[in-house]
Amino acid sequence: MKKIQMVDLQTQYATIKGEIDSAISEVLESAHFINGEQVQAFADNLAEYLNVKHVIPCANGTDALQIALMALNLKPSDEIICPDFTFISSAEVIGLLKLHPVLVDVDANSFVATLKNIESAITVKTKVIIPVHLFGQAAEMEAITDLAKKYNLYVIEDTAQALGSDYIFADGHRKKLGTIGDIGCTSFFPSKNLGCYGDGGALFTDDDSLYERIKMITNHGSKQKYYHQIIGCNSRLDSLQAAVLNVKLKYLDSYIESRRKAAHYYTSRLKDTEGLVVPAENEYSVHTYHQYTLKILNGKRDALKEFLNKKDIPAMIYYPVPLHKQEAFKTTARTHSSLEISEQLSEQVLSLPMHTELSQEQQDYIIEAIKTFFDTTD
Ligand SMILES: *Cc1c(COP(=O)(O)O)cnc(C)c1O
């Protein structure tokens, strides 16, 4: 059996090596490393895949979130609502821009911020809601966009972990995550659903004027070279990464299928194991399993992780510290609700190896190890 990895990008590369290598050598030969034709081609292809009007590539997912906030003309006292249980980027950019992060608690089963907690955090200073589609599963976008309309707020979707996921509206129609709020943000970090071979990110919007501003901000606040209307930054996806992404985008749906198949196999064999809870799939989205995350009960999470590691099975804790307990947010973050679910999750969650190349033999080995752990400890 092949060594089990949390994410196996070597094996995936081997399956598309021919196409990737020729796409990369095309860029090398053209020597257009910045703003090569691959970049616009990728933006167009991704816009078509997502069915969104504009895709603006940028340097990484954190930049995408920062640029989205910069595009909204916010003032220093403005409040931005963000879940407490997420990767740091979602809230870091709020602090970076001297805005106020307001952290809200999440749902114990789907791990995304609940509508009730979001609504109760709204004040006259609230300007933006940042729903995070954590681990590949959607926040309640239909209700969140209704809420945003009611209170006149912007919605920036953090789609870094859920690119390609479908949202299913009450009337049955579907949209890709990241295209429902005012601006969607994503990351092409190598391990994400659509990953490049370095750093990369993008923003999406259907709004023409937001598109103009975002495009300017990513390019030093400029439309015309050496003329700068606003303060922006330098945030580009380079041609080599765009070339890789152009190849991999064609496989995104099949990659998602592989993740879902692996996830459903884990779930089918682990769901009756006492002492753990398998991930829940909400009915209003298609979970793309960026992570397959168990809840380990009775304080046994760390012991199980160690037990698996000894058997050469990697397992990771996403995330061990909720945002409100991070040193960096000690003085800036505000909370309007109890954050007990988020705290509880940080002590219970354990993510198993999840990627497009997991074999059933590897999964059986992982599953048997977990069952052995629960059979032999008390
Ligand atoms: C990965 C990630 C980001 C940031 O993406 P980078 O490309 O690493 O900057 C933002 N939000 C979430 C939820 C992420 O998982």
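Scroll up for the structure.
What you see is a predicted model; the values in this text were computed from it and never measured.

What to know about the overall build of the protein
Next, step 1: What the protein contains, in helices and strands, is 12 helices and 15 strands.
Next, step 2: Taking 21 Å as the expected radius of gyration for a compact globule of 378 residues, we find that the protein reaches 21 Å, a close match to that expectation.
Next, step 3: Across its three principal axes, the protein shows a C-alpha extent of roughly 70 × 55 × 45 Å.
Next, step 4: Partitioning the intrachain contacts of the protein with sequence separation of at least 6 by distance along the chain shows that 74% fall at a separation of at least 24.
Next, step 5: For the protein, the accessible area works out to roughly 16,600 Å², and carbon and sulfur atoms hold 50% of it.

What to know about the site of the ligand
Next, step 1: As a structural note, the neighbourhood of the ligand is formed by 15 residues, with Gly61, Thr62, Gln161, Ser187 and Lys192 the closest of them.
Next, step 2: Glutamine 161 has a polar side-chain atom sitting 2.7 Å from an oxygen atom of the ligand.
Next, step 3: Between the ligand and the protein, one listed contact pairs an oxygen atom with a side-chain N or O atom of lysine 192 at 3.1 Å.
Next, step 4: Summarising the interface, the protein chains cover 91% of the accessible area of the ligand, which totals 380 Å² for the free molecule.
Next, step 5: Taken together, the elements giving at least two residues each to the shell around the ligand come down to helix H3 (61-70) and helix H4 (89-96).
Next, step 6: Sort the elements by how many residues they give to the shell around the ligand and H3 lands first, with three residues.

Examining the sheet that holds strand E12 (residues 276-277)
One key point about sheets: their strands pair by backbone hydrogen bonds, in either a parallel or an antiparallel sense.
Next, step 1: Taken in spatial order, the three strands line up as E12-E13-E15 in an open sheet, and their pairing is antiparallel. Each of the sheet's edge strands pairs with one partner strand only, and the pair in question is E12 and strand E15 (349-352).
Next, step 2: Sheet topology places E12 next to strand E13 (residues 292-296); two bridges connect them, and they run antiparallel. Paired with valine 277 across the bridge in E13 is lysine 295.

A short note on helix H12 (residues 360-376)
Next, step 1: Across its 17 residues, H12 extends 24 Å between first and last C-alpha, which sits within 8% of the 24 Å expected from 1.5 Å per residue.
Next, step 2: Looking only at H12, the buried set comprises Gln362, Gln363, Ile366, Ile367, Ala369, Ile370, Phe373 and Phe374. When H12 is viewed along its axis, its buried side chains cluster within an angular range of 155° and face the same direction. The outward face of H12, more than 90 degrees from its buried face, is lined by the exposed residues Asp375 and Thr376.

Regarding a nonpolar patch on the surface
Next, step 1: A surface patch of nonpolar side chains, amounting to about 270 Å² of accessible area, comprises Leu28, Phe33 and Ile34.
Next, step 2: Relative to the elements of secondary structure, leucine 28 occurs in helix H1 (residues 9-30).
Next, step 3: Looking at leucine 28, the relative accessible area reads 47%, which means it is partly exposed.

The rules behind the values
Residues numbered from 1 in each chain as written. Predicted model: local features only at pLDDT ≥ 70, side-chain atom pairs only at ≥ 80, totals over all residues. Heavy atoms only, no water. Helix = DSSP H or I, 4+ residues; strand = E, 2+ residues; numbered from the N terminus. Rg over C-alpha atoms; globule rule 2.2 N^0.38 Å. Contact = heavy atoms within 4.5 Å. Areas by Shrake-Rupley, 256 points an atom, 1.4 Å probe, with all protein chains shown as cover. Near = heavy atom within 4 Å. Polar contact = N/O pair within 3.5 Å; in protein donor to acceptor, adjacent residues only side chain to side chain. Pairing = 2+ DSSP bridges. Expected span 1.5 Å × (residues − 1). Buried < 20%, exposed > 50% of the residue type's maximum accessible area, 1.4 Å probe, protein only. Arc of directions from axis to C-beta. Patch = residues over 30% accessible without salt bridge, like charges linked within 9 Å, V, L, I, M, F, W, Y side chains within 5 Å. Salt bridge = Lys/Arg side-chain N within 4 Å of Asp/Glu carboxyl O.

So, to be careful, I would describe these as geometric facts and stop short of saying anything about function.
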